[in-house]
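# Chains, contacts and geometry: an overview
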Amino acid sequence: MKEEQIKNGRALFKEKKRIVVKIGSSSLQHPQTGELDYVKLERLVRELSDIRNQGKEVILVTSGAIAAGKSAVKLQEQDGVKQSLAVKQACAAIGQARLMMIYQKLFMEYNQTSAQILMTRNTIVDNINRYNAHNTFSELLRMGVIPVVNENDTIATYEIIYGDNDVLVGDNDTLSAVVAALVEADLLILLSDIDGLYTDDPRKNPEARFIDTVEELTEELMQMGKASTGSSVGTGGMNTKLTAAKIATNAGADMVIADSTDISVLHRILEGKKVGTYFAARRNEDFDLPGFVENLQR
């Protein structure tokens, strides 16, 4: 990409036509109780519906199935005691159904049709599965439907087992970038509990400097996220967000990390306002998405 395009990158956001938005578990719940934040969910759906009404194509990648399932069956973590894999998978099965029901009801209120897509690592690695997934996304977008995507946690256990200890397809930061690459999106927006990329963790280091624009993902930048971990609710730290940026920018999509506290940030981003950290797309024709996914650390 030309340097002038990078310089004016945010101004070009108004012209983006295919947008992937990711929101994490910690952004969907009340921190005091772990219960779903219905006000924030409604605002998210309203924003996405309005973006769709502008003639843009929208895909939502959402976390929250396991947390919603735990809430439904009143299951709480005990200090120092980890719940079994089977328990978490069961919670995912319960929570995913509840989460999708809420999304469908809210989207219907704004006269939008939504569809559920559950993915695993094999969706991308297997050539036939990847081809079929691409065709499904393409047809849904052609129909004007808003796909709602999540990891299939009932059978794909990468995120559940490893949590925030590694870079995994199971993390929805990474999954959203994989989706953006698969559907050839123009823009990926990661809504997070932090307003962008810093030189250090701003919650621990008051001297940490905010990074407004990343023109190129250097090894130095990638190393900055290695020690970062996620919240107690979500699984993704800055490490997974930088991995997502690597996938998205190599696939030709711009990416923004922004604070999810105010969901209307979506409109400000698409208006070209200086919000969050902007990662400029640098399409790499040799980028191998299936190979990259298959070789992610386990």
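A brief report on the enclosed structure follows. Fair warning: this is a prediction, and the values are worked out from it, not measured in the lab. (Residues numbered from 1 in each chain as written. Predicted model: local features only at pLDDT ≥ 70, side-chain atom pairs only at ≥ 80, totals over all residues. Heavy atoms only, no water.)

## A few points about the overall build of the protein chain
Applicable threshold: Helix and strand labels come from DSSP, where a helix needs a run of H or I of at least four residues and a strand needs a run of E of at least two; each type is numbered from the N terminus. Burial here depends on accessible area, computed with a 1.4 Å probe over protein chains only, as a share of the maximum for the residue type. Under 20% is buried, over 50% is exposed, and the range in between is partly exposed. Residue contacts follow a heavy-atom distance rule, with two residues in contact if any of their heavy atoms lie within 4.5 Å. Residue exposure ignores everything except the shown protein chains as possible cover, and the areas themselves are Shrake-Rupley values with a 1.4 Å probe.
Counting secondary structure elements, the protein chain contains 13 helices and 10 strands. Taken across its 298 residues, the protein chain has 55% of its residues classed as buried. Intrachain contacts of the protein chain at a sequence separation of at least 6 include 76% that bridge at least 24 residues. Here the protein chain has roughly 14,100 Å² of accessible surface; of this, 46% comes from carbon and sulfur atoms.

## Details of the packing of aromatic side chains
Rule in force here: Working definition: a ring pair exists when centres of Phe, Tyr or Trp rings (six-membered ring for Trp) sit within 6.5 Å. Plane angles under 30 degrees give stacked, over 60 give edge-to-face, the rest tilted.
In total, this model carries 4 aromatic pairs according to the counting rule given. Plain terms: the ring middles of F287 and F292 are 5.6 Å apart, the flat faces sit at 50° to each other, and that makes the pair tilted. Judged on exposure class, the residue F287 and its partner F292 are both buried.

## Considerations on the pattern of salt bridges
In plain terms, the rule: In the sections that follow, a salt bridge refers to a side-chain nitrogen of Lys or Arg positioned within 4 Å of a carboxyl oxygen of Asp or Glu.
A complete count under the given rule lists 9 salt bridges for this structure. Across the pair D212 and R10 runs a salt bridge, and its minimum N-O distance is 3.3 Å. Of the two residues, D212 sits in the loop between β7 (210–211) and β8 (213–214) while R10 sits in the loop between α1 (3–7) and β1 (18–23), which places them 202 residues apart along the sequence. Residue class for R10 comes out buried when judged on its relative accessible area of 9%. Note that E42 is salt-bridged to R46, the shortest N-O span being 3.8 Å. With E42 and R46 both in helix α3 (residues 38–53) and 4 residues apart, the pair spans about one turn of that helix. We classify R46 as partly exposed; its relative accessible area is 40%.

## Thoughts on the environment of F13
Counting through the fold element by element, F13 comes out in the loop between α1 and β1. The exposure class of F13 is buried, given its relative accessible area of 0%. Separated by 255 residues in the primary sequence, F13 and R268 place their C-alpha atoms 9.9 Å from one another. Apart from the residues within four sequence positions on either side, F13 is in contact with L187, D254, V256, I269, L270 and Y278.

## Focus on the environment of I194
Along the polypeptide, I194 turns up in the loop between β5 (187–192) and β6 (197–198). For the pair I194 and G276, spaced 82 residues apart in sequence, the C-alpha to C-alpha distance is 8.9 Å. When sequence neighbours within four positions are dropped, the list of residues in contact with I194 reads P202, R203, M238, I257, A258 and D259.

## Observations regarding the pairing of β5
Note the cut-off: Two strands make a pair as long as DSSP finds a minimum of two bridges between them.
In terms of burial, β5 is a largely internal element, 6 of the 6 residues being buried. Because side chains alternate across β5, one face comprises the buried residues L187, I189 and L191, and the other comprises L188, L190 and S192, equally buried. Relative to β5, β1 runs parallel, the two sharing 5 bridges. Paired with V21 across the strands is I189, a residue of β5. As paired strands, β5 and strand β9 (residues 254–259) are joined by 6 bridges and run parallel to one another. Opposite L187, over in β9, you have D254 as the bridge partner.

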